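What the coordinates show
For reference, the chains in residue letters:
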Amino acid sequence: MRSRRILVTGLSTYWGGRLAQELEADPEVEAIVGVDTKEPTRALERTEFVRVGAQHALLRRIVQAAEIETVVDTRLAVDSGFGSSRQIHENNVLGTMNILAACSGSAREPSPVRKVIFKSSAHYYGAERDDPAFFTERMQRPHAPRTRIEADVVEAERAVAAFAERQPDLTVSVLRFVNGLGPGLATSHSALFDLPFVPAILGFDPRYQFIYADDIVGTLMHAVRVDLDGIFNVAGDGVLALSEVAGGLGKPFAPLLPPVGTGIAIQALRRIGLNVPDEMRQQLRFGRAVDNRKLKGSGYALRYTSREAVARYAEHLRVKQITRGDEEPYRYEREVEDFLRYSPSVRNRPSAPPERRRARR
Amino acid sequence: MRELPPASPTGAARDLLPAIEPERRVTDWGRSERVEGAFDKTLVSFLYHYWFRCEVEGIEHVPATGGALLVSNHAGALPPDGSMIGKAINEEHPRPRPLHLTVEHFFKGYPGFSMFVSKIGGVPAHPDNVQRLLHDEQQLVLVFPEGRKGSSKLYKDRYRLRRFGRGGFVEAAMRAQVPIVPVAVLGAEEAAPIFAHVNLLKRLTGLLYFPITPTFPHLGLPGMLGFLPAKFRIRFLEPIPTDEWGDEPAADKGLVQTVAEEVRARIQSELLEMVAERESVWF
């Protein structure tokens, strides 16, 4: 069934913002509501933004009032380099719980929600010595989570799985994304790749997979358009060694971190402003790859392989060197947005997607 | 964990594998054409042709297409048998194919080894890895069911096969529906004999074991490569098909054990025969 009324959580994250832009371009989507704790970071034409508290406690009222059919939850934080661990934990665990609660109805008040799309992360699998070379959706991590983020992701997914079991007539998609790359997508890994060299741990050349930003949005849109029931790994084809990534970026591969006492070296790096979070340290040591065949089998054609994602990102970095991020950053101003959407004086209301955007697709 | 996929519709599983990107020189498993090539052209080639003077029999038992599980005996402080079997297939087989060596997970966690072992074609011995290689990618995989018990055994126990684990390799072959090719290797025991183990140093270095060999540890780390020039004889035995026992033979533990024992017995008797035939360890 096609969804016409969609709620996007995490609207001010890169993921939520890009997804909302893409949804706006789809004329069949009637209503897009975006919620987040912070203001949007991308220009949106007809998405309605509602600011909510970190725990998303009142979401149910929005869902009921707007008769939301599909909830796309892009809010999960999967990089402990951004935000304090308490904030992240609250967002990931309590936030997930409340969003799921908002999607489930009661006997007196059935929920309009038919589909929940949950953005998760390949951190679910962790990165360990005893891992299989390719995780499929059915596999579980060999050891209990070692880092906070991984524990959060596992806990959030457990809540989603329980929710899916309680609501068998709902479509619940869990998308486990590998490391994303793209202009504007700031992660701890992109900070690493922006350096003049690619640091690594001496004696290790971990395996990495990437998903390019367009495919991130593409997969989320795919999940909105068709019903993907269950868990799906989302990764570009191909697995690169970190040295290959360095080659693709045109930067030297620099195994500077010592294999013993890596933690101490990372502490020192933090002093000079380079943050290597725990989950990234595990990846730098052992690497990780997932099997994306289930997603491909569902009919989504990935646009970029891991290698092409790195190549595209390298192109972006070369341009960025020259422009030095001079583009005007977007600033959200509630009054302007409200004027554009609701004032009777506005003649060209961007409520229907303009031709320009439709043509681009 | 360790739950393997049910026999998926074969076509789908294979069709959806990532396409090969000709720009890349590293496989998705981390195997590097460049490093492997350099290693192969120098050390492996030298050992194969001049040092061990490998003699290969029964190469026709290695299938030219499709997956197959090669099962071999294992010996030596830093065992050269895996690379020699791989080289034998490259040199003697009418249609050379890459061989994937299963290695202990330990190597993935040890600096240096972690890079090198996967670059020359080592794959951690995880049942899911073996399944993907054999069934989905149709590759050749070599396993040493004796594992560490084989490579750490002392010189006095040479050519006496250790226990073959719990028959996991048979299950893997059955599930992937590929034949098992037993391989008997003569010479590795004499090439890198182990006289004793030092447990204290093993613990201090974090290695799998710390052996005393003719050249290690008194010649330092390169001493690990100090192989004696024993004559190698590699014999590929007749393949054992695994697709004639019904639909789910892997579920039958009794059958798995029987087949594992059968493979072990074949290699053991072949080895004893080869020992009887050879007149000198060195020539």
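Residues numbered from 1 in each chain as written. Chains lettered and ligands numbered in written order. Predicted model: local features only at pLDDT ≥ 70, side-chain atom pairs only at ≥ 80, totals over all residues. Heavy atoms only, no water.

What follows deals with the overall build of chain B. Per the secondary structure count, chain B includes eleven helices and nine strands. Expected size for 283 residues packed as a compact globule is a radius of gyration near 19 Å; at 19 Å, chain B falls within 12% of this value. Expressed along its principal axes, the backbone C-alpha trace of chain B runs to roughly 55 × 45 × 40 Å. For chain B, buried positions account for 52% of its 283 residues. Taking the intrachain contacts of chain B between residues at least 6 apart in sequence as the baseline, contacts between residues at least 24 apart amount to 79%. Total accessible area computed for chain B in this model is approximately 12900 Å², and 58% of it derives from carbon and sulfur atoms. Charge-centre separation for chain B: the mean point of 33 positive side chains lies 8 Å from the mean point of 35 negative side chains. (Helix = DSSP H or I, 4+ residues; strand = E, 2+ residues; numbered from the N terminus. Rg over C-alpha atoms; globule rule 2.2 N^0.38 Å. Buried < 20%, exposed > 50% of the residue type's maximum accessible area, 1.4 Å probe, protein only. Contact = heavy atoms within 4.5 Å. Areas by Shrake-Rupley, 256 points an atom, 1.4 Å probe, with all protein chains shown as cover. Lys, Arg positive; Asp, Glu negative; His and termini not counted. Charge placed at Lys NZ, Arg CZ, Asp CG, Glu CD.)

For chain A, the count of helices and strands is 13 helices and 13 strands. Projected onto the principal axes, the alpha-carbon positions of chain A cover approximately 60 × 50 × 40 Å. Counting all 361 residues of chain A, 57% fall into the buried class. In chain A, 79% of the contacts between residues at least 6 apart in sequence involve partners at least 24 apart. Accessible surface, chain A: about 15800 Å² in total, of which carbon and sulfur atoms supply 52%. Here chain A contributes 51 positive and 46 negative side-chain charges, whose respective centroids are spaced 1 Å apart.

Attention now goes to unusual backbone geometry. In this structure, E67(A) is a non-glycine residue whose phi angle is positive, near 50 degrees. When its relative accessible area of 53% is taken as the criterion, E67(A) is described as exposed. Of note in the backbone geometry, Y159(B) takes a positive phi value of approximately 60 degrees without being a glycine. Along the chain, the position of Y159(B) falls in the loop between α7 (148-151) and α8 (168-176).

This part takes up the nonpolar core. Generally speaking, nonpolar side chains in soluble globular proteins are found buried as a group. In terms of nonpolar packing, the biggest core is built from 64 residues, with L7(A), L23(A), L59(A), L175(A), F177(A) and L220(A) touching the most fellow members. Per element, the largest residue contribution to this core is seven residues, and it comes from helix α6 (residues 213-225) of chain A. Sequence-distant contacts of L59(A), that is, excluding residues within four places in its chain, are made with L7(A), V35(A), I99(A) and A102(A). Membership of the second largest hydrophobic core comes to 36 residues, among which are V71(B), L133(B), L186(B) and A250(B). (Core = buried A, V, L, I, M, F, W, Y, C linked by side-chain atoms within 4.5 Å.)

Relative to the elements of secondary structure, T305(A) occurs in the loop between α10 (293-297) and α11 (306-323). When neighbours within four sequence positions are excluded, T305(A) is seen to be in contact with G236(A), D237(A) and E21(B).

Once that is clear, we can look at the sheet that holds strand β1 (residues 5-9) of chain A. All names here are of chain A. Across the sheet, which stays open at both edges, the seven strands sit in the order β3-β2-β1-β4-β5-β6-β11 with parallel pairing between neighbours. The sheet is open, and its two edges are formed by β3 (48-51) and β11 (230-234), each paired on a single side. Averaged over all adjacent pairs, the angle separating strand axes in this sheet is 20 degrees, with direction ignored. Of the strand pairs in this sheet, strand β2 (residues 31-36) and β3 are connected by four bridges, and their pairing is parallel. Counterpart to V35 in the pairing with β3 is V50. (Pairing = 2+ DSSP bridges. Axes fitted to C-alpha atoms, helices over the stretch in contact; angles between N-to-C directions.)

Now for the interface of chain B and chain A. Taken together, the contacts link 33 residues of chain B with 33 residues of chain A. Summed over both partners, the interface of chain B with chain A comes to about 2700 Å²; 55% of that surface belongs to carbon and sulfur atoms. Among the salt bridges present, the one from R24(B) reaches E244(A), with a minimum N-O distance of 2.8 Å. Seen at the junction of chain B and chain A, the total is 15 residue pairs in polar contact (both at pLDDT 80 or more). Elements with a minimum of two residues in the side of chain B that touches chain A: α4 (106-109), α5 (113-119) and α6 (127-136) of chain B. The element contributing the most residues to the side of chain B that touches chain A is α6(B), with four residues. Of the residues assigned to the side of chain B that touches chain A, the class counts are 14 nonpolar, eight polar and eleven charged. (Buried area = accessible area lost by both parts, 1.4 Å probe. Salt bridge = Lys/Arg side-chain N within 4 Å of Asp/Glu carboxyl O. Polar contact = N/O pair within 3.5 Å; in protein donor to acceptor, adjacent residues only side chain to side chain. Nonpolar A, V, L, I, M, F, W, Y, C, P; charged D, E, K, R; others polar.)

Attention now moves to α6(A). All names here are of chain A. Its 13 residues give α6 an end-to-end C-alpha distance of 18 Å, which sits within 8% of 18 Å, the value for a rise of 1.5 Å per residue. Counting buried residues along α6, eleven of its 13 residues qualify, which places the element largely inside the surrounding structure. The set of residues buried in α6 consists of A213, D215, I216, V217, G218, T219, L220, M221, H222, A223 and V224. (Expected span 1.5 Å × (residues − 1).)

What follows concerns the packing of α6(B) against α8(B). Residues and elements named next belong to chain B. Across the interface, α6 lies against α8 with an axial gap of 9 Å and an inter-helix angle of 35 degrees. Between α6 and α8 the crossing geometry is right-handed. Where α6 abuts α8, its residues V130, Q131, L134 and H135 lie against A172, A173, R175 and A176. In terms of residue class, the contact of α6 with α8 is made up of five nonpolar, two polar and one charged. (Left-handed = near helix turned anticlockwise from the far one by under 90°.)

It is worth spelling out the sheet that holds strand β5 (residues 140-143) of chain B at this point. Residues and elements named next belong to chain B. Spatially, the seven strands line up as an open sheet ordered β1-β9-β6-β2-β5-β3-β4, and their pairing is mixed. The open sheet has two free edges, formed respectively by β1 (55-57) and β4 (122-124), since each of these has just one partner strand. Put simply, the sheet's adjacent strands are angled 25 degrees from each other on average, direction ignored. Summarising the sheet, strand β2 (residues 68-72) and strand β6 (residues 180-186) pair through four bridges and their orientation is parallel. The residue bridging S72 from the neighbouring strand is V183, located in β6. The strands touched by helix α11 (residues 253-277) are β2, β6 and β9 (233-236); relative to β6, the strand with the most contacts, the crossing angle is about 30 degrees.

Another point: the confidence of the model for chain A. Summary statistics for chain A give a mean pLDDT of 89 and a share of 94% for residues scoring 70 or more. Low pLDDT, under 50, characterises residues 352-361 of chain A; the stretch is placed with 16 contacts to residues that sit more than four places away or in other chains. (pLDDT = per-residue confidence, 0-100.)

Residues and elements named next belong to chain A. Its place among the elements puts P183 in the loop between β7 (179-181) and α5 (188-193). What makes P183 partly exposed here is its relative accessible area of 31%. On a C-alpha basis, the gap between P183 and A314 in space is 9.8 Å, while along the polypeptide they are 131 residues apart.

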